[in-house]
Amino acid sequence: MHKRIEQPVGLTMGDAAGIGPEIIARLFTQGLPHPAVVYGDAGALRRALALIGEQTRWQVREVGDPVAAPAGVIPVLNRWRPLPEDLPYGRVHAQAGRGAYEYLCHAIDDAQAGRLRAIVTAPLNKLAMQAGGIDAPGHTEILAERSGTEHFAMMLANDELRVILVTIHEALSRVPALITRERVLQTIRLAHQACRQAGVARPRVAVAGLNPHAGEGGKFGREEIDVIAPAIEQARREGLEASGPWSGDTIFMRARQGEFDIVVAQYHDQGLIPVKYLGLDEGVNVTVGLPFIRTSVDHGTAYDIAGQGKADAASLACAYRLALTMSAHDS
């Protein structure tokens with residue numbers, strides 16, 4: 001079994017003005033089957049424990065390295081500066097945004113060094129990061145750049161559906177030019193890898209077309225003929241069980257019914273709308289292709305309910321469990 005399996009899972013707190021500290025506190029109080037350490041702010045975690053009424057049963061302990069902690073203790077690692085004690089909930093705040101970035105970077109560095117079994121991320125806010133001097137599209141791009149990963153993809157998963165994206169945060173007008181044979185082929189390979197890490201012995205990869213009805217023989221565009229189909233054929237020659245291109249309006253239903261293990265979607269909304277329509281409570285975001293396992297919640301910072309004790313930790317719990325599963329199969 002991989003050496004890092006014995007290390008704790010790194011939980012990044014995300015934006016402290018959102019629900020990240022609360023859902024992490026709730027996750028710990030529900031009980032964890034494997035040790036975890038929080039990359040975040042100790043004061044924010046103490047405030048979150050008070051928010052959910054667990055401040056007497058649980059304590060926060062600041063640590064200098066990723067370590068396991070005894071029952072009733074949340075270990076917090078912060079290599080940045082402490083956040084203001086009166087940080088307001090539910091508002092864009094520069095220090096909260098910069099902190100979210102710093103916590104993530106420190107977790108990436110420790111995962112790269114083999115000190116973490118996996119990384120599980122709570123949500124950050126892009127506007128808050130920008131206010132803090134960091135201009136990045138989101139978690140996925142930061143993870144890839146910081147770890148030096150060239151080939152990566154975003155996968156969204158729940159109990160009914162897995163979807164992986166060829167293009168991620170791109171303007172729709174730019175997508176057709178970004179759909180290349182190599183990019184589609186690489187995403188098929190990553191789809192196969194993600195399913196293997198999830199315990200699927202022989203992944204069945206379905207590839208969605210870009211155009212309506214998968215181009216309908218070239219009537220609605222030639223991307224399927226000139227780009228996507230050749231990429232699928234190459235994947236098959238490599239021994240991968242890939243098929244398509246399939247029409248985007250039916251392929252997700254077929255996968256949900258068990259015909260396929262994962263769908264390769266060509267652009268952000270094509271793939272994410274079907275997954276998120278099934279509900280955010282059990283959705284998990286996975287960055288595939290990194291040199292370590294990273295999973296995340298499938299929702300944002302929820303500023304509208306931050307600080308009210310209403311946040312649900314279900315998606316974080318699912319992300320944590322999937323991180324354990326994928327890291328157990330990682331090699």
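What you see is a predicted model; the values in this text were computed from it and never measured.

Caption draft 1: Broad picture of the packing of helix α3 (residues 94-112) against helix α5 (residues 139-147). Here α3 crosses α5 at 45°, and the two axes come no closer than 10 Å. What the angle tells us is that α3 and α5 run oblique. Where α3 crosses over α5, the two elements pack in a sense that is right-handed. Residues Tyr-101, Leu-104, Cys-105, Ile-108, Asp-109 and Gln-112 of α3 pack against His-139, Ile-142, Leu-143, Arg-146 and Ser-147 of α5.

Caption draft 2: Main features of the sheet that holds strand β1 (residues 9-12). Here we have 12 strands laid out as an open sheet, ordered β3-β4-β2-β1-β5-β12-β11-β6-β7-β10-β8-β9, and mixed in their pairing. The open sheet has two edge strands, β3 (59-63) and β9 (241-246), and neither has a second partner. Averaged over all pairs of adjacent strands, the angle between their axes in this sheet comes to 25°, without regard to strand direction. Here helix α8 (residues 223-237) sits on the sheet and contacts β8 (204-208) and β9; the angle it forms with β9, its principal contact strand, is near 165°. Here helix α10 (residues 268-277) sits on the sheet in contact with β6 (153-157), β7 (162-165), β8 and β10 (262-265), set at roughly 160° to β7.

Caption draft 3: Molecular detail of the environment of Val-73. Mapped onto the secondary structure, Val-73 falls in strand β4 (residues 73-77). On the basis of relative accessible area, Val-73 is assigned to the buried category, the value being 6%. For the pair formed by Val-73 and Phe-152, sequence separation is 79 residues and the distance between their alpha carbons is 35 Å.

Criteria and cut-off values
- Residues numbered from 1 in each chain as written.
- Predicted model: local features only at pLDDT ≥ 70, side-chain atom pairs only at ≥ 80, totals over all residues.
- Heavy atoms only, no water.
- Axes fitted to C-alpha atoms, helices over the stretch in contact; angles between N-to-C directions.
- Helix = DSSP H or I, 4+ residues; strand = E, 2+ residues; numbered from the N terminus.
- Parallel < 35°, antiparallel > 145°, perpendicular 65-115°, else oblique.
- Left-handed = near helix turned anticlockwise from the far one by under 90°.
- Contact = heavy atoms within 4.5 Å.
- Pairing = 2+ DSSP bridges.
- Buried < 20%, exposed > 50% of the residue type's maximum accessible area, 1.4 Å probe, protein only.

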